[in-house]
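Given next are the chains, with one letter for each unit.
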Amino acid sequence: MEFTPFQMERWQSTYEHRVDYNLSESGVHPLTVGELLAFAGPSADLSRVLLGYSQSNGTDELRALIASLHPGATERSVVVTIGGAEANFVGFWELSRPGKPVAVMLPNYMQVPGLIRNFQGGAQPFHLREETGWRPDLDQLESALAAGAGFILVTNPNNPTGVALTPAEMDEIVTLADRYGAWILSDEVYRGAEVGPDPVPSFWGRYDKVLVTNSLSKAYGLPGVRLGWVVGPDEVVERLWARTDYTTIAPPSVSDALARIALSPGVRPRILERTQAIIRRNLALLTSWIDASGGLFTFTPPDAGAISMIRYHSDLGSLELAERLRVEQSLLIVPGAHFGIDSTMRLGFGPPPEELLAGLERLRAGFAREPGPLRAMA
Ligand SMILES: Cc1ncc(COP(=O)(O)O)c(C=O)c1O
């Protein structure tokens, strides 16, 4: 079978540093090392970090900090990985069983769906329905489980929509998982980046058979640290650690040290406050811009993350639109086709406000070129 590339990541890896405006990114504008250290105060010093192999499942101190965010977890419930990407990979690897399909929430961050294809597994989708504000179709989930799905893949809050499951929907997913004995692999990288005042709950603590993945990339604005983790039952986490011996051996020692600073009790709340302030301010800018579009763009406002799925009302295919915006406007967005939903785009609204507004202006200019309804904003 032919290798299926990770379409969105290829698109971003190739062009994100080669455009004037990047509205394809899903996180907030990242912190510098200096800004992170400044949050921690003068005692934070990286000059003594030994550049040897670090503790390969993450230092005890880092795992204890991560465990403290998950009631009932201990250091043994945590394995540290290189980003959420490796966390998802080892989680997928652990939970996959030959001949057993995976119940996949769609749309989704397409890493695990792509891995399923590339490792010749089967996927049984259950959809978030745009017409209901991206609510999950739980009848479809039940059908997937009845068809033998071994685990359920959820991204909550979701990428690309930014919409979060309600606690009632989470309970229903757990009830179904339990009825069929399925595991839940829950990617929660956008938790902590909420628009509203209430934190989005975790699947951790709601069910025994759950692996939660997370990272510093989104809510903490530290994607370059490349630091993620999985939290799960101790004996499963032990096996995940054995799998990381094959993938990356250990997280970089500098990243472990930076993560200990970021997750320390004095720093973490300040980082999350910064992230949430960026998201609230910029979402207001995006919303006003959409409201002024004369119906050309519509969206369901996100609950978390600096991303939203925007529907545009024209016949232009999203791949063609994205390519045209890149070439003619030096603007990068993610075409909805990368998530299997055409006439949409995923828009990242995490950059500094002046960059966001300038990027939106390029988007408007790209549409103004089109005949018919696309002229609405010209
Ligand atoms: C839902 C989700 N999971 C995982 C990742 C991987 O991120 P990282 O490896 O930087 O933590 C991303 C990145 O966009 C994402 O959106």
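Look a little higher up for the structure.
Here the residue numbers are simple positions, counted from 1 along each chain's written sequence. Only residues with pLDDT of 70 or above have their local features reported here, since the model is predicted, and side-chain atom pairs are shown and tallied only from 80 upward, although totals for entire chains, interfaces and linings are computed over all residues. Hydrogens and water molecules were not included; the side-chain quantities draw on all heavy atoms of the structure.

## What to know about the packing of helix α10 (residues 268-291) against helix α12 (residues 353-368)
The relative placement of two packed helices is expressed as an angle between their axes plus a distance between the axes. Where α10 contacts α12, the axes come no closer than 10 Å and their chain directions differ by 20°. By the criterion of interaxial angle, the relationship of α10 to α12 is roughly parallel. As α10 packs across α12, the resulting crossing turns out to be right-handed. Touching Arg281, Asn282, Leu285, Leu286 and Trp289 of α10 are Pro353, Leu356, Leu357, Leu360, Leu363 and Arg364, all from α12. For every element, the axis is a line fit to its C-alpha atoms; helices are fit only across the contacting stretch, and the angle between N-to-C directions ranges from 0 to 180 degrees. Numbering goes from the N terminus for both helices and strands, where a helix is a DSSP run of H or I of at least four residues and a strand is a run of E of at least two. Throughout, the term roughly parallel applies to angles under 35 degrees, roughly antiparallel to angles over 145, roughly perpendicular to angles from 65 to 115, and oblique to all others. Helix crossings are classified by the rotation of the near helix relative to the far one: an anticlockwise turn of less than a right angle makes the crossing left-handed, while a clockwise turn makes it right-handed. Should any heavy atoms of two residues lie within 4.5 Å, those residues are counted as being in contact.

## Examining the packing of helix α11 (residues 318-329) against α12
It is the contact of α11 with α12, at a shortest axis distance of 10 Å, that shows an interaxial angle of 110°. As the angle between them shows, α11 and α12 are arranged roughly perpendicular. Considering how the two elements wind past one another, α11 and α12 form a crossing that is right-handed. Contacts between α11 and α12 involve Leu321, Arg324, Leu325 and Gln329 from the former and Arg362, Leu363, Ala365, Gly366 and Phe367 from the latter. Of the residues in the contact of α11 with α12, the class split is five nonpolar, two polar and two charged. Residues are grouped as follows: Ala, Val, Leu, Ile, Met, Phe, Trp, Tyr, Cys and Pro are nonpolar; Asp, Glu, Lys and Arg are charged; all remaining types, including Gly, are polar.

## Details of the pairing of strand β6 (residues 151-155)
Extensive coverage of β6 is indicated by the burial of five of its five residues. Burial along β6 is two-sided: the residues Phe151, Leu153 and Thr155 and Ile152 and Val154 are all buried. A pair of strands is treated as paired once DSSP finds two or more bridges between them. Pairing between strand β3 (residues 102-106) and β6: three bridges, direction parallel. Pairing of Val102 across the sheet is with Phe151, part of β6. Two elements, β6 and strand β7 (residues 183-187), share five bridges in a ladder whose sense is parallel. Within β7, the position partnered with Thr155 by the bridge is Asp187. Crossovers are described as right-handed under a simple rule: with the strands pointing away from the observer, the path leading from the first strand over the helix to the second runs clockwise. Tracing the backbone out of β6, into helix α7 (residues 167-180) and back to the parallel element β7 gives a crossover that is right-handed. Whether a residue is buried, partly exposed or exposed follows from its accessible area with a 1.4 Å probe, protein chains only, as a fraction of its type maximum: under 20%, in between, or over 50%, in that order.

## Re the site of the ligand
Note on terminology: near, applied to a residue and a molecule or strand, indicates that one of the residue's heavy atoms is within 4 Å of it. Around the ligand, the structure places 15 residues, and the nearest of them are Gly84, Asp187, Tyr190, Ser217 and Arg226. Contact between the ligand and Asn159: an oxygen atom at 2.7 Å from a side-chain N or O atom of the residue. Ser217 places a polar side-chain atom, nitrogen or oxygen, 2.6 Å from an oxygen atom of the ligand. Against a free-state accessible area of 400 Å², the protein chains account for coverage of 95% of the ligand. The way it works is a 1 Å grid over only the protein atoms, where trapped points that fit a 1.4 Å probe form a cavity and open points with protein on both sides within 12 Å along at least five of seven lines form a pocket, and then any residue with an atom within 4 Å of a point lines it. More than half of a molecule's atoms within 2 Å of the grid points is what it takes for that molecule to sit in a cavity or pocket. When atom positions are compared with the pocket grids, the ligand is found to occupy the largest pocket. The element that contributes the greatest number of residues to the shell around the ligand is helix α4 (residues 83-95), accounting for four residues. Taken together, the residues of the shell around the ligand sort by class into four nonpolar, eight polar and three charged. Distance and chemistry together define a polar contact, namely a pair of N or O atoms within 3.5 Å, with one atom able to donate a hydrogen and the other to accept it when in protein, and with adjacent residues in sequence counting only for side-chain atoms on both sides. Each accessible area value is a Shrake-Rupley result obtained with a 1.4 Å probe; residue values ignore everything except the protein chains displayed when judging cover.

## Digging into the sheet that holds strand β13 (residues 334-335)
If you trace the four strands from one edge of the open sheet to the other, you get β10-β11-β14-β13, paired in antiparallel fashion. For this open sheet the edge positions go to β10 (297-299) and β13, each flanked by a neighbour on one side alone. Note that strand β11 (residues 307-312) and strand β14 (residues 344-348) share five bridges and pair antiparallel. Paired with Ser308 across the strands is Leu347, a residue of β14.

## Describing α7
Taking 1.5 Å of rise per residue, the 14 residues of α7 would be expected to cover 20 Å, and the 20 Å separating its terminal C-alpha atoms lies within 8% of that figure. Turning to α7, the residues buried within the fold contact β5 (135-136), α6 (138-146), β6 and β7. Following α7 by one or two positions, Gly181 has its phi on the positive side, about 70°. Here, expected helix span is obtained from the residue count minus one, scaled by 1.5 Å.

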